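Analysis of the macromolecular model
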Amino acid sequence: MPRSLMLWTVGALAAVVLVAGCSSPGIGDTTAGARSVRPASPVPVSPYGQPARAVRAVEVFARALRDGDVERLCRPGAVFTFAVVASMNAGGESCEASLERSDALRHPPTLIVTRLAFEPGLARARVRVGAATSISLDVVRSGRRWLVSFAGGADPVAAVGQAGGS
């Protein structure tokens with residue numbers, strides 16, 4: 001290939017790449033290069049190590065709700081902290097009785113951790129409940145396990161029930 005043809009080809013390719021990399025404003029854009037980006041829907045977090053164990057505690061909570069496992073939900077240290085179970089028992093009826101009436105147990109929503117603020121021993125999880133609503137859940141380390149604690153100071157089952165529309 002003659003040198004002049006090769007230089008012309010390289011120059012033409014460079015021009016194509018340059019033009020392809022430039023964008024013009026679209027209809028309704030007021031500034032060059034402006035792009036409208038729809039906010040992304042929350043996606044599950046994928047942590048490793050101890051943060052992953054905190055996320056797993058929320059998954060255990062979701063599975064217990066889905067399975068209707070009242071015994072596990074009301075056993076201190078199985079899903080919830082001892083303080084949460086004590087709080088659920090302090091309302092005038094047992095934890096089991098209140099769960100049996102809960103919409104969160106009758107119609108368990110999907111729980112997905114979309115954000116996690118983690119520090120040793122404590123994780124604050126942002127949890128999507130069902131399709132649109134989200135709540136904040138505290139997850140604490142208890143020995144080698146992670147347990148769901150309170151949701152903004154409230155019983156986590158009640159918070160999930162309220163967020164799920166019950």
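Focus: the overall build of the protein
A tally of helices and strands in the protein yields seven helices and four strands. Beginning at the N terminus, the succession of helices and strands in the protein can be written as α-α-α-α-α-α-β-β-β-β-α. Across the 166 residues of the protein, 31% fall into the buried class. Considering only contacts in the protein between residues 6 or more positions apart, those separated by 24 or more positions represent 47%. On the protein, roughly 10,300 Å² of surface is accessible, and the fraction owed to carbon and sulfur atoms is 57%.

Digging into the sheet that holds strand 2 (residues 122-129)
Across the sheet, four strands lie side by side as 1-2-3-4; this open sheet has antiparallel pairing. Each of the sheet's edge strands pairs with one partner strand only, and the pair in question is strand 1 (111-119) and strand 4 (145-148). Each strand axis lies, on average, 30° off the axis of its neighbour in the sheet, ignoring direction. Where strand 2 lies against strand 3 (residues 133-142), eight bridges are found, and the strand directions are antiparallel. Among the inter-strand pairings, Arg-128 is bridged to a residue of strand 3, identified as Ser-134. Taken strand by strand, helix 2 (residues 50-67) contacts strand 1, strand 2, strand 3 and strand 4, and its axis lies near 145° from that of strand 1. Packed onto the sheet, helix 7 (residues 156-163) meets strand 1, strand 2, strand 3 and strand 4 and runs at close to 165° relative to strand 3.

Considering the pattern of salt bridges
Enumeration according to the criterion identifies five salt bridges in this entry. Here Glu-93 makes a salt bridge to Arg-101, at a shortest N to O gap of 2.4 Å. Residue Arg-101 is classed as exposed on the basis of its relative accessible area, which comes to 54%. A salt bridge links Arg-124 to Asp-138, with the shortest nitrogen-to-oxygen separation between them at 2.7 Å. In this pair, Arg-124 is assigned in strand 2 and Asp-138 in strand 3, connecting sequence segments 14 residues apart. On the accessibility criterion, Asp-138 (16% relative accessible area) is buried.

The rules behind the values
- Along each chain, residue indices are assigned from 1 in the same order as the chain's sequence is written.
- Only residues with pLDDT of at least 70 are given local features in this predicted model, and only at 80 or more are side-chain atom pairs given and counted; all residues enter the totals for whole chains, interfaces and linings.
- Remark: hydrogens and water are excluded; side-chain values derive from all non-hydrogen atoms of the structure.
- Comment: elements are numbered from the N terminus, with helices defined as DSSP H or I runs of at least four residues and strands as E runs of at least two.
- Partly exposed residues are those whose accessible area sits between 20% and 50% of the maximum for their type, while under 20% is buried and over 50% is exposed, using a 1.4 Å probe and protein chains only.
- We call two residues in contact whenever any of their non-hydrogen atoms come within 4.5 Å of each other.
- To be clear on the numbers: accessible area is Shrake-Rupley with a 1.4 Å probe, and residue cover counts the displayed protein chains and nothing else.
- DSSP calls a pair of strands paired once it identifies at least 2 bridges connecting them.
- Every axis corresponds to a line fitted to the C-alpha atoms, with the helix fit spanning only the stretch in contact, and the corresponding angles, defined between N-to-C directions, vary from 0 to 180 degrees.
- One speaks of a salt bridge when a side-chain nitrogen belonging to Lys or Arg is within 4 Å of a carboxyl oxygen belonging to Asp or Glu.

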